[in-house]
Amino acid sequence: MNNWEQIQGIYIHIPFCLQKCLYCDFASFPQQDRETMAKYTDNLCQEIQQRALSFPVNPQATIYFGGGTPSVLPLEDIAKIVGTLKNNGLWQKPLEATIEANPGTISLESLSTYRQLGFDRISFGIQSMQDEELRAMGRVHTSLQAREAIKLAGEAGFSRISADLIYGYPSQTLKSVTDSLQTLVLQGIKHMSVYGLVVEEGTPLCNYLDVGKLILPSEDDSGDMYDCVTKYLPQQGYKRYEISNYACIGEESRHNLVYWQYLPYLGLGLSACSFDGQARITNSNNIEEYLQGKTPETEKLDIETRLAEYIFMGLRTSYGVNLAVAEERFAIDIREIYKKEISECQSKGFMEIDRLQRTMHLTDFGMKFGNQVFEKFL
Ligand code: SF4
């Protein structure tokens with residue numbers, strides 16, 4: 001069976017957080033009571049049982065608990081979800097099992113329990129190593145807690161630790177972003193996801209910017225931060241293997257590669273999305289509807305959409321779009337179909353074709369202008 005005919009990754013959404021960060025528009029809710037969390041866990045376990053048999057699953061499918069903040073869910077609930085996945089054949093011998101955590105919501109006990117349950121990778125939402133910036137973001141943790149969390153994760157047996165960072169946030173400077181990166185490199189973090197701030201409509205951050213309570217760094221300053229991130233981490237031995245992701249050798253997120261290779265995945269929980277190779281299946285993002293068991297929405301994807309999405313996802317990575325796989329998978333020669341678009345991107349220096357490897361990928365210059373490239377294909 002081809003790898004695009006089987007589920008290769010399983011995503012579990014835990015939609016609870018201690019408090020809402022100012023910039024966040026994810027499906028997550030602050031300060032939920034124990035009863036709601038227990039009910040959510042029960043519904044999620046039911047969903048796992050109901051949907052486990054709907055697709056063929058690779059026994060090595062990756063596992064990813066994301067959110068929200070999975071580390072705010074009581075350990076007994078995490079254990080129950082893991083047990084249900086295992087009992088229903090969705091957690092067999094995963095290539096990787098990641099749990100997201102907030103440095104302000106962990107302890108050596110919780111981290112050790114995650115390891116015992118089988119998680120072998122942890123992703124900390126750190127965002128910055130400057131306390132003033134963390135406060136301005138509405139984060140619940142301090143930079144000291146972030147350092148402590150990394151240390152405790154190592155003590156609990158996690159050798160694969162990832163950190164998320166943001167640049168371009170109000171009050172950030174080139175120096176503060178560089179300091180945060182340096183600190184995390186020195187802490188031995190081998191994988192970093194570094195995102196340029198996107199201001200989402202309706203968030204408190206958006207309102208504060210509108211009324212002038214917070215001010216974004218200038219475009220030039222944000223551009224300098226981008227240049228710093230994209231140069232500094234490769235100089236320290238991290239490969240930029242996706243537009244916003246950097247990893248030391250062997251530390252790439254195998255779960256995220258499933259998305260970027262446009263392979264089938266199963267998403268379970270509030271607002272979670274699945275892709276079976278032909279259609280996208282999305283759960284409600286309304287917690288009442290989800291708890292009432294609302295049927296997910298199915299959107300059939302035609303061949304043009306799938307091909308465009310395959311290219312879009314592949315171009316995000318340094319490996320690029322595999323033209324030979326595309327030919328086998330979609331029975332289409334991408335270079336024929338997108339002759340004009342490819343030639344435009346090549347002439348602007350955005351894209352290169354490796355004829356030997358039969359791949360097409362963005363150059364470093366093209367990664368900076370990724371959106372201009374993507375809109376040609378989507
Ligand atoms: S912790 Fe993450 S999911 Fe929760 S509010 Fe903050 S950014 Fe959003």
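To be clear, the structure that these remarks concern was listed above.
Reading the values: rules and limits
- Residues numbered from 1 in each chain as written.
- Predicted model: local features only at pLDDT ≥ 70, side-chain atom pairs only at ≥ 80, totals over all residues.
- Heavy atoms only, no water.
- Pairing = 2+ DSSP bridges.
- Helix = DSSP H or I, 4+ residues; strand = E, 2+ residues; numbered from the N terminus.
- Contact = heavy atoms within 4.5 Å.
- Axes fitted to C-alpha atoms, helices over the stretch in contact; angles between N-to-C directions.
- Buried < 20%, exposed > 50% of the residue type's maximum accessible area, 1.4 Å probe, protein only.
- Core = buried A, V, L, I, M, F, W, Y, C linked by side-chain atoms within 4.5 Å.
- Domains from an automatic or database assignment.

This brings us to the sheet that holds strand S17 (residues 359-362). One open sheet holds the 3 strands; their spatial order is S15-S17-S16, and the pairing between them is antiparallel. Here the strands that pair on one side only, and so sit at the sheet edges, are strand S15 (321-322) and strand S16 (351-354). Looking at chain direction, S15 and S17 are connected through 2 bridges and run antiparallel. What sits directly across from Asn322, in S17, is Thr359. Sheet contacts for helix H16 (residues 370-377): S16 and S17; angle to S17, the most-contacted strand, approximately 140 degrees.

Cis geometry is found at the peptide bond from Gly67 to Gly68, where omega equals 25 degrees. Relative to the helices and strands, Gly68 is located in the loop between strand S4 (57-67) and helix H2 (75-87). In the Ramachandran plot, Gln127 falls in the positive-phi region, its phi being about 70 degrees despite a non-glycine side chain. A positive phi angle, near 80 degrees, is found at Ser171, a position not held by glycine. We classify Ser171 as partly exposed; its relative accessible area is 37%.

So, about the nonpolar core. Core analysis: the biggest nonpolar cluster contains 111 residues, and Ile10, Phe65, Phe119, Phe124, Ile334 and Met360 have the highest contact counts within it. Each of domain 1 (3-259) and domain 2 (302-378) contributes no fewer than three residues to this core. Those residues within four positions of Ile334 in sequence are excluded, and the remaining contacts are Leu307, Tyr310, Ile311, Val321, Leu323, Ala326, Lys339, Ile342 and Met360. Judged by nonpolar contacts, the second largest core, of 11 residues, contains Cys21, Cys24, Tyr169 and Leu205.

Remember that the coordinates give geometry; whether it matters functionally is a separate question.
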